[in-house]
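# Results of the structural survey
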Amino acid sequence: MSTEDVTVRVPGRVNLIGEWIDFSGGTVLPMPIRSEITLTRRPNGTDTDVIRSAQFGSEARIGIDMPAQHDWPDAIRGALQAARAMGWIKGGQDVSVHSAIPVGQGLSSSAATIVAALKASRPAGETDDVSLALAARRVENEFMGVPCGIMDQMAVAAGRRGHVLALDTIDCSFELLPLPEDWEIVVIQSGVRRELADGSYKARQLECRAAMDVLGTEDLCHADPAQFARLSGAPAKRARHIWSEGRRSLEAVDALKSRDRAAFGRLMVASHASLRDDMEVSLPVMDQMVEDALALGAEGARLTGAGFGGCIVALVAPDRVETWWAALQARHPQIKRAD
Ligand code: GLA
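Residue positions are given per chain, counting from 1 as you read along its sequence in written order. For this predicted model, a pLDDT threshold of at least 70 governs which residues receive local features, and a threshold of 80 or more governs which side-chain atom pairs are given and counted, while totals over whole chains, interfaces and linings are taken from all residues. To get the side-chain values, all heavy atoms of the structure are used, and hydrogens and water are removed first.

This part takes up the nonpolar core. Grouped together as the largest cluster of nonpolar side chains are 106 residues, with contacts concentrated most on L16, L29, L39, L118, I188, F264 and W324. Per-element accounting of this core gives the leading share, eight residues, to helix 2 (residues 109-121). Here this core spans two domains, and each of domain 1 (6-178) and domain 2 (184-337) adds at least three residues to it. Setting aside chain neighbours within four positions, we find L16 in contact with L29, P30, M31, V164, L179, I185, F264, M268, R302 and V313. Nonpolar core, defined: a set of buried Ala, Val, Leu, Ile, Met, Phe, Trp, Tyr and Cys residues in which side-chain atoms within 4.5 Å join the residues together. The cut-offs for exposure are 20% and 50% of the maximum accessible area for each residue type, with area from a 1.4 Å probe on protein chains only; residues under the lower value are buried, those over the upper are exposed, and the others partly exposed. Helix and strand definitions here come from DSSP, where helices need a minimum of 4 consecutive H or I residues and strands a minimum of 2 consecutive E residues; each element is numbered from the N-terminal end. Those domain boundaries reflect an automatic or database domain assignment. Here, residues are in contact when the closest pair of their heavy atoms is within 4.5 Å.

Laid out in C-alpha cells, this is it:
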C-alpha cells in the first residue's frame, strides 16, 4: 500500500433537463461545471480518520467504524468506509478537501465529495467510473440516508467538460454530447440555500414511491399514463411529473443532437412548469427568476436539481449573455453566476 499523497479533482454538475426521474427509469442530461473539489488522501497508520476542510475551516477526527454523524465529514467518511470494505485502502486516513463547489445550491457538492474520496482511494486499474458512481450512490443512500438517484454521481464521475451526459438511469449507459458552440448555459445561484438531508427530498421521494407501489412499477417514466387514474393526491401529481419529464428529456436529447436551441429551450420551460405545478419543488422567488430570465431573452430557464431553492439554469444565445445577465441581476441583486 502506498503512503504517498493521492490528489484528485472532481467537478460539480448542473442538470439541463430530466429532473426527479433518475430513480424511476428516466434519461437525464447533466453536465459538469467548472467549479471543482480538490481532495488529497493518505493513510495515517491509525484507526482514526482525520478530515480537514478548507471551506468549513475545521478538522474532524473520528474512529473508522463509527456511523454517520449527520455532519459535513459524513460524505468523506462514508466513502472511506466503502473503500475499506472493497479492500481498496486499509485503516485510518488523512484527508484534506478544498471545494469551490457552492454547498446547498443543487450543484452536487456532496456527490462530488464522495466520488473524489472514492477516486482517491481506488487502486490503479480497479473499477470503471460507472461502478464507482454506483458505489458513491450507495454511500449517499445507505451511509448518509439520502434516497437519491444515480444522476449526480454519474455526472461527476463520468461527465466531460463542455459535454452533456445523456444518461439512461435504468442501466447507466450514456452518450457524451458536445454542447453546441452557439448555446450558452448559465447557472444562477438563487441565494436560497437548500439541504437534501433536510427532509423535503425524502418526503417527495416517499410520494413518488407511493405512486410506484400502487402501480406496481419502479419505472414511472415508461408507465401507461392511463393507469394514473388509480392514483390521487400528491402521488398522482408526482407520477404525472415523472412521466411527462421522461418524455421531455428524450425530446431534449433529439433537440440537442439536431442543435435546435429553441426547441431545447421550450422543453426547459415546460420542465419548470411541471416542477412547479406537479412536483411542487419550486418557490415563488425561483418562479419569478425563471419568468424574468425568459422575459429578458433567455431561450430556456428552469430550476435545476432537487429544488426548494438552489440554482436556476438558463439557455442563452452567447451574443446576448452579457446584457441579459446585467438586466437579470438588476432585478435580482442577490443572484450570482456559478461557473
Ligand atoms: C438530487 C438527487 C438526484 C436527483 C435530483 C433531482 O440532486 O441527488 O439523484 O434526484 O435531486 O433530479
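Moving on from the coordinates now.
Once that is clear, we can look at helix 7 (residues 261-277). Along its 17 residues, helix 7 runs 25 Å from first to last C-alpha, staying within 8% of the 24 Å computed at 1.5 Å per residue. Listing the buried residues of helix 7 in full gives R261, A263, F264, G265, L267, M268, S271, H272, S274 and L275. On its buried face, helix 7 is in contact with helix 6 (233-257), helix 8 (284-295), strand 10 (300-304) and strand 11 (311-316). Each helix should span, by expectation, one fewer than its residue count multiplied by 1.5 Å.

With that settled, consider the state of the cysteines. Two cysteine sulfurs form a disulfide in these notes if their separation is within 2.5 Å. On inspection of all chains with the given rule, the structure shows zero disulfides. Free cysteine: C208, not disulfide-bonded; nearest cysteine sulfur from C221 at 10 Å. For C208, a relative accessible area of 0% translates into the label buried. Among the cysteines around C311, which has no disulfide bond, C148 carries the closest sulfur, lying 18 Å off.

Here the focus is the environment of Q334. Mapping Q334 onto the fold places it in the loop between helix 9 (321-331) and strand 12 (336-338). Excluding residues within four positions of it along the chain, Q334 makes contact with Q189, S190, V285 and M289.

Now for the site of the ligand. Residues in close proximity to the ligand total 11 residues, the closest being E19, W20, D22, D152 and Y201. Here D22 contributes a side-chain N or O atom positioned 2.6 Å from an oxygen atom of the ligand. The separation between an oxygen atom of the ligand and a polar side-chain atom of D152 is 2.7 Å. Accessible areas in this description were obtained via Shrake-Rupley with a 1.4 Å probe; residue shielding takes into account the shown protein chains only. Its free accessible area being 310 Å², the ligand has 98% of it covered by the protein chains. Its residues placed into classes, the shell around the ligand shows six nonpolar, one polar and four charged. Each of domain 1 (6-178) and domain 2 (184-337) accounts for three or more of the residues forming the shell around the ligand. In these notes, residues near a molecule or strand are those with any non-hydrogen atom within 4 Å of it. Residues adjacent in sequence count toward polar contacts only when both atoms are side-chain atoms; beyond that, a polar contact is any pair of N or O atoms within 3.5 Å, and within protein one must be able to donate a hydrogen and the other to accept it. Each residue receives one of three labels: charged for Asp, Glu, Lys and Arg, nonpolar for Ala, Val, Leu, Ile, Met, Phe, Trp, Tyr, Cys and Pro, and polar for the others, Gly being one of them.

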